[in-house]
Amino acid sequence: MPMSPRQPTPEQQQVLDRILAQRERLRARRDAMRQARAAAAPQGRVNPGDPLIARLVSFARLHPLAVAAVLGVAALAGPGRVVRWAGVVLPAILRMRRG
């Protein structure tokens, strides 16, 4: 003889209603985040008007192997050599940006 499903008590129904409302909020939030990410996704290029950090993140997403290679070379070279080269290259880059 199959058992019929039990009806939840009013307290249990309140909990079930809260769970359902929370699931709907989370689903809506997840959809909104997905939509925002799709709108902010780079279309295959780095926007030069963005802040430096945003440009670096866009470049890293577009070229993960190049970033991994540069980080690997920097790790092999060691921190002292990286700092020394940064002291040589950074002023040159800043001069090129100004003029």
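It should be emphasised that the depicted structure is a prediction, and the values quoted were computed from it without experimental measurement. Per chain, residues are indexed from 1 in the order of the written sequence. In view of the model being predicted, local features appear only for residues whose pLDDT reaches at least 70, and side-chain atom pairs are presented and counted only at 80 or more, with totals across whole chains, interfaces and linings using the full set of residues. Processing note: side-chain calculations cover all non-hydrogen atoms of the structure and skip hydrogens and water entirely.

### A look at the overall build of the protein
Runs of H or I in DSSP of at least four residues are treated as helices and runs of E of at least two as strands, each being numbered from the N terminus. When helices and strands are tallied, the protein shows four helices and zero strands. Mapped in sequence order, the helices and strands of the protein form the string α-α-α-α. Scaling as 2.2 N^0.38, a compact globule of 99 residues should have a C-alpha radius of gyration of about 13 Å, whereas the protein reaches 26 Å, well beyond that. Looking at the protein as a whole, 2% of its 99 residues qualify as buried. Carbon and sulfur atoms make up 64% of the accessible area of the protein, which totals about 9,300 Å². Only four residue types enter the charge count, namely Lys and Arg as positive and Asp and Glu as negative; His and the chain termini do not. In plain terms, the charge of a residue is placed at NZ if it is Lys, CZ if Arg, CG if Asp and CD if Glu. For the protein, the distance from the average position of its 17 positive side-chain charges to the average position of its 5 negative side-chain charges is 21 Å. Radius of gyration here uses only the C-alpha atoms, and the compact-globule reference equals 2.2 Å multiplied by the residue count raised to the power 0.38. Each residue gets one of three labels from its accessible area relative to the maximum for its type: buried under 20%, exposed over 50%, partly exposed in between, using a 1.4 Å probe on protein chains only. Accessible areas in this description were obtained via Shrake-Rupley with a 1.4 Å probe; residue shielding takes into account the shown protein chains only.

### Structural notes on the pattern of salt bridges
Any carboxyl oxygen of Asp or Glu that lies within 4 Å of a side-chain nitrogen of Lys or Arg is treated as forming a salt bridge with it. Here the structure, examined in full by the defined rule, presents one salt bridge. Note that Asp31 and Arg34 form a salt bridge whose closest N and O atoms lie 3.2 Å from each other. Taken as a pair, Asp31 and Arg34 lie in helix H1 (residues 10-40) at a separation of three residues, close to a single helical turn. What makes Arg34 partly exposed here is its relative accessible area of 48%.

### Some remarks on the environment of Arg45
Counting through the fold element by element, Arg45 comes out in the loop between H1 and helix H2 (52-62). Distance from Arg45 to Leu62, taken between C-alpha atoms, is 7.5 Å for residues 17 residues apart in sequence.

### Observations regarding a nonpolar patch on the surface
Taken together, the side chains of Trp85, Val88, Val89, Ile93 and Met96 make up a nonpolar region of the molecular surface, amounting to roughly 530 Å² of accessible area. Counting through the fold element by element, Ile93 comes out in helix H4 (residues 79-98). To count toward a patch, a residue needs a relative accessible area over 30% and no salt bridge; like charges are then connected within 9 Å, while nonpolar side chains (Val, Leu, Ile, Met, Phe, Trp, Tyr) are connected within 5 Å.

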